[in-house]
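# Observations on the three-dimensional arrangement
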Amino acid sequence: MKKVLVVSCYFQKNYGSALQALATQMALDKLGIENDTVRYDGLEDAIKTEKYKYYVKKLLNLNVVLGKMGYVKMRLRKKNPFSSLGKKLKRRDAAIKMFEKNFRLTSKVADFDELAELAKGYDAVLLGSDQLWLPSNLDANYYTLNWVPDTVKRITYATSFGLSTIPQRYYPMAKEFLNKIDFLSVREQTGVEIVKDVCGRTADLVCDPTILFTGKEWMSIQQEEPLVDGDYIFCYFLGDNPEQREFVKRLKAQTGSKIAAILHLNVYVKTDKGFADEELYEVDSAGFVNLIRNARYICTDSFHASAFSLLNQKEFFTFRRFKESYSLATNSRLDTLLGSLCLEDRILSGYEDVREVMSRKIDYVAVNTKLEEQRQYGWNYLKKATEEIGNAYA
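Residues numbered from 1 in each chain as written. Predicted model: local features only at pLDDT ≥ 70, side-chain atom pairs only at ≥ 80, totals over all residues. Heavy atoms only, no water.

Next up on the list: the overall build of the chain. Looking only at helices and strands, the chain features 14 helices and 12 strands. With 394 residues in all, the chain has 55% of them scored as buried. Across the chain, contacts joining residues at least 24 apart in sequence account for 76% of those joining residues at least 6 apart. Carbon and sulfur atoms make up 50% of the accessible area of the chain, which totals about 17500 Å². (Helix = DSSP H or I, 4+ residues; strand = E, 2+ residues; numbered from the N terminus. Buried < 20%, exposed > 50% of the residue type's maximum accessible area, 1.4 Å probe, protein only. Contact = heavy atoms within 4.5 Å. Areas by Shrake-Rupley, 256 points an atom, 1.4 Å probe, with all protein chains shown as cover.)

Right, dumping it as C-alpha cells:
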C-alpha cells in the first residue's frame, strides 16, 4: 500500500488554505492512496522563529511594513472589549473545529530531525498548494522539503511562489531544493517561469486542488440549506480597498439584494465598519462554500472565493487586492485562473459602472469545458506521480 505524507497549511485560519489542504487529502483518498498530514503545532515555534528573522531583516522595507500594518492594528485592538474581536475569535474556533474534524494528522514532532525520521515511514512527501514558497517561508525552510530523507520521493502539487518574481538572493537556495523534487508542479504561470529561470526545469502547471472536484462533489462537506435567508450579495474581502466596498454598495442599490459579508479575521479594516447588512463570524470552511453557492452575486478579492464561484456557476466579480506596483503583490494566481478561462473581464477595479458589468454574462458551458480539461490534467499528474512512487518501492 502506497503511503504519502502531506505537507500543507491546513492550520491557517482562513478558508482558502483549509479548503485547498482538504482537497489535497480528498484527492489522494480518491486515488486510494493512504495519506497523513504533518501535524504543524509541534514545529510551529521553530518555524516562526525563522520567519520572524525574515521580517526583522525587512524592517527597512516600506512595502513589507505597510503590508503588515493591518495585522499590527488588529493585534493592538485585542484589549478593546468593544471591538468585534470576540466574534472573530469565534470564527477562528469554528475553523479549528473544522480541521480537527476533517484532517488525519500525524503525531506531534518537536523538530526537523523528528520530522525527517517520521518521513522515512512513507513512500513520498507531497507538498500541497497555496503560497508556500513566499520568501518568508523559504527562510523558514519547512516548505522547501529540505528535511525529507533522500530515500523518500518528493512531489509538489500546485505549489505557489505567491509573487510574480522572487528576489535574486533566493536563487541558489531555490535551485537546490527545486532540483531535489521528483515531480514538480506549480499553480501559476509565473511559477513556471520562476522555476525555469532559477533551475532550468519545466514545472507542470496544474489547477488548484479545490478545482479537482466539481461544485456538486463539494456538497459532501456542506449542508443543503442556505446559511443566509433571502437574496444577498456575498462579500469576502481581504484587502483594504474602499473603492471595492463602494462598488458593492452600488450593486446593492441596483439589485435590491442585501450585503452578507465575512469580515477579514487577521487585519483591522476601517472601511468594513457598517459596510454589510449581515456580518458573518461563526462560519467554517463548509459554511464559506455554502455562502458562495447560495449567493446572487459574489464580490471578492480572494482566489478561492473566485474558484468556488466558478465551481458553483455563479455571477461574481473579482478585485485585485494589491496594486501591481506593490512588490509583494500576489495577483498572479487570479490572472492565471481567470485568464485560462477567458474571464479576464471579471477582474474589476471598483470604479466600473455597475449596470455595464452586470451585463457581462458568463458562458458556463465554455467555462466548464475548460475547467474539466484542467481537472483531468491535474488528476493525470497526480496519478503519474503516485504510480511512479509505487514502482520505485515495488
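There's plenty left to go through after this.
It is worth spelling out the side chain of Ser309 at this point. The topology assignment puts Ser309 in helix H11 (residues 303-311). Within the local environment of Ser309, its side chain forms a polar contact with the backbone oxygen of Ala305, the two atoms lying 2.7 Å apart. Dropping the residues within four chain positions of it, Ser309 is found in contact with Ile292, Ile298, Lys314, Phe316 and Tyr364. (Polar contact = N/O pair within 3.5 Å; in protein donor to acceptor, adjacent residues only side chain to side chain.)

Here we take up the pairing of strand S2 (residues 34-37). Across four bridges, strand S1 (residues 3-7) lies against S2 in parallel orientation. Across the sheet, residue Leu5 finds its bridge partner in S2, namely Asp36. Handedness of the crossover joining S1 and S2 through helix H1 (residues 15-30) is recorded here as right-handed. (Pairing = 2+ DSSP bridges. Right-handed = clockwise from strand over helix to strand, strands pointing away.)

To continue, consider the pattern of salt bridges. A side chain of one charge can pair with a side chain of the opposite charge when the charged atoms of the two come close. Applying the stated rule across the entire model yields 21 salt bridges. When the shortest N-O distance is used, the salt bridge between Glu217 and Lys30 registers 3.4 Å. One end of the pair, Glu217, is in the loop between strand S6 (204-205) and strand S7 (232-236); the other, Lys30, is in helix H1, and 187 residues separate them in sequence. Classification of Glu217 as partly exposed rests on a relative accessible area of 32%. Glu224 is the salt-bridge partner of Arg293, the closest N and O atoms lying 3.9 Å from each other. (Salt bridge = Lys/Arg side-chain N within 4 Å of Asp/Glu carboxyl O.)

So, about the confidence of the model for the chain. Predicted confidence across the chain gives a mean pLDDT of 88, with 86% of residues reaching 70 or more. Confidence over residues 67-82 falls short of pLDDT 50; this stretch has 17 contacts with residues more than four positions distant or in other chains. Note on residues 325-330: pLDDT is under 50 here. Beyond four places in sequence and across chains, it has 16 contacts. (pLDDT = per-residue confidence, 0-100.)

Taken in spatial order, the four strands line up as S2-S1-S3-S4 in an open sheet, and their pairing is parallel. Two strands bound the open sheet, and with one partner strand each, they are S2 and strand S4 (153-156). Direction aside, neighbouring strands of the sheet carry axes that sit 25° apart on average. Set on the sheet, H1 makes contact with S1, S2 and strand S3 (124-127); between it and S2 the angle comes to about 165°. (Axes fitted to C-alpha atoms, helices over the stretch in contact; angles between N-to-C directions.)

This paragraph deals with the pairing of S1. Counted residue by residue, S1 has four buried out of five residues, so it is predominantly covered. In terms of strand pairing, S1 meets S3 through four bridges, oriented parallel. Bridge pairing in S3 places Leu5 opposite Val125.

The residue Ile389 is located in helix H14 (residues 364-392) in this model. On the basis of relative accessible area, Ile389 is assigned to the buried category, the value being 0%. Taking C-alpha positions, Ile389 is 9.6 Å from Ile155, a pair spaced 234 residues apart along the chain. Each residue touching Ile389, except ones within four places of it in the same chain, is listed here: Val4, Asp123, Ala124, Lys153 and Ile155.

The next point concerns the sheet that holds strand S12 (residues 347-348). If you walk across this open sheet you meet the six strands as S9-S8-S7-S10-S11-S12, and the pairing is parallel. Of all strands in the sheet, those with a lone pairing partner are strand S9 (278-280) and S12, marking the two edges. By the bridge criterion, five bridges tie S7 to strand S8 (residues 258-262) in an arrangement that is parallel. The partner of Tyr236 across the bridge, within S8, is Ile262.

Here the focus is the packing of aromatic side chains. What the rule picks out here adds up to 22 aromatic pairs. Measuring from ring centre to ring centre gives 4.6 Å for Tyr15 and Phe288, while their planes differ by 5°; the resulting arrangement is stacked. Residue Tyr15 is located in helix H1, and its partner Phe288 is located in helix H10 (residues 285-293); the two are separated by 273 residues in the primary sequence. In terms of burial, Tyr15 and Phe288 fall into one category: buried. Centroid distance Trp133 to Phe177: 5.4 Å. Interplanar angle 55°. Geometry classified as tilted. In this pair, Trp133 is assigned in the loop between S3 and helix H6 (135-140) and Phe177 in helix H7 (residues 171-179), connecting sequence segments 44 residues apart. There is no split in this pair, since Trp133 and Phe177 are both buried. (Phe/Tyr/Trp six-rings, centres within 6.5 Å; stacked < 30°, edge-to-face > 60°.)

Looking at helix H12 (residues 332-340), one finds that the buried residues are Ser332, Arg333, Leu334, Thr336, Leu337 and Leu338. Just past H12, the residue Cys342 takes up positive phi, approximately 55°.

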